[in-house]
Every structure is written in structure tokens, then in C-alpha cells.
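Below are the chains, spelled out letter by letter.
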Amino acid sequence: MTISFPLTDKRTVDELLKHLNAHKLFCPGNCAITVKPLAVHVSSCLSYALGTARTAW
């Protein structure tokens, strides 16, 4: 499953990595991250954790 996380001035890649760690998603352990200018695409087989992280973002 792949989900996009939008980035803003307050929501940076570093903040997203901390947020994903709080939801037990670790790169490169159980997810893959692709950084684009306005969003980060996160892929993982842990769909429930990924969906929960996206909802909370």
C-alpha cells in the first residue's frame, strides 16, 4: 500500500519521519519513502499502521 503525505512549512520530512516512527513505521525496516517537492510517498505492507499514520497527519 502506498499513501501520500503532504508537506508544508510546518510539516517537514523530519517531522514526518518522527510521526511515522510513532506509528511503528521505520525506513528501511518496514516501509519505503519517496520524497517529492510537495509530498512524501510512503509504501508499506503494514496497511493499518500506514492508514492510521495518514489519518493522524
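The structure this text deals with has already been given above.
What you are looking at is a predicted structure, and each value in this text was computed from that prediction instead of being measured.

### Quick word on the overall build of the chain
Link 1 in the chain: Along the chain, the regular secondary structure elements total 2 helices and 3 strands.
Link 2 in the chain: A compact globule built from 57 residues should have a C-alpha radius of gyration of about 10 Å, and the chain, at 10 Å, falls within 12% of that.
Link 3 in the chain: Its C-alpha atoms give the chain principal-axis dimensions of roughly 30 × 20 × 15 Å.
Link 4 in the chain: The buried share of the chain, taken over its 57 residues, is 28%.
Link 5 in the chain: If you take every contact in the chain between residues at least 6 apart in sequence, the share linking residues at least 24 apart comes to 62%.

### Comments concerning helix 1 (residues 13-22)
Link 1 in the chain: Along helix 1, the residues classified as buried are Leu16, His19 and Leu20. The buried residues of helix 1 all sit within an arc of 100° when viewed along its axis, so they share a single face. Exposed residues lying more than 90 degrees from the buried face of helix 1 are Asp14, Lys18 and Ala22.
Link 2 in the chain: Where helix 1 is buried, its residues contact strand 1 (2-6), strand 2 (31-35), strand 3 (39-44) and helix 2 (47-56).
Link 3 in the chain: One or two residues past the end of helix 1 sits Lys24, with phi positive at roughly 65°.

Rules used in this analysis
- Residues numbered from 1 in each chain as written.
- Predicted model: local features only at pLDDT ≥ 70, side-chain atom pairs only at ≥ 80, totals over all residues.
- Heavy atoms only, no water.
- Helix = DSSP H or I, 4+ residues; strand = E, 2+ residues; numbered from the N terminus.
- Rg over C-alpha atoms; globule rule 2.2 N^0.38 Å.
- Buried < 20%, exposed > 50% of the residue type's maximum accessible area, 1.4 Å probe, protein only.
- Contact = heavy atoms within 4.5 Å.
- Arc of directions from axis to C-beta.

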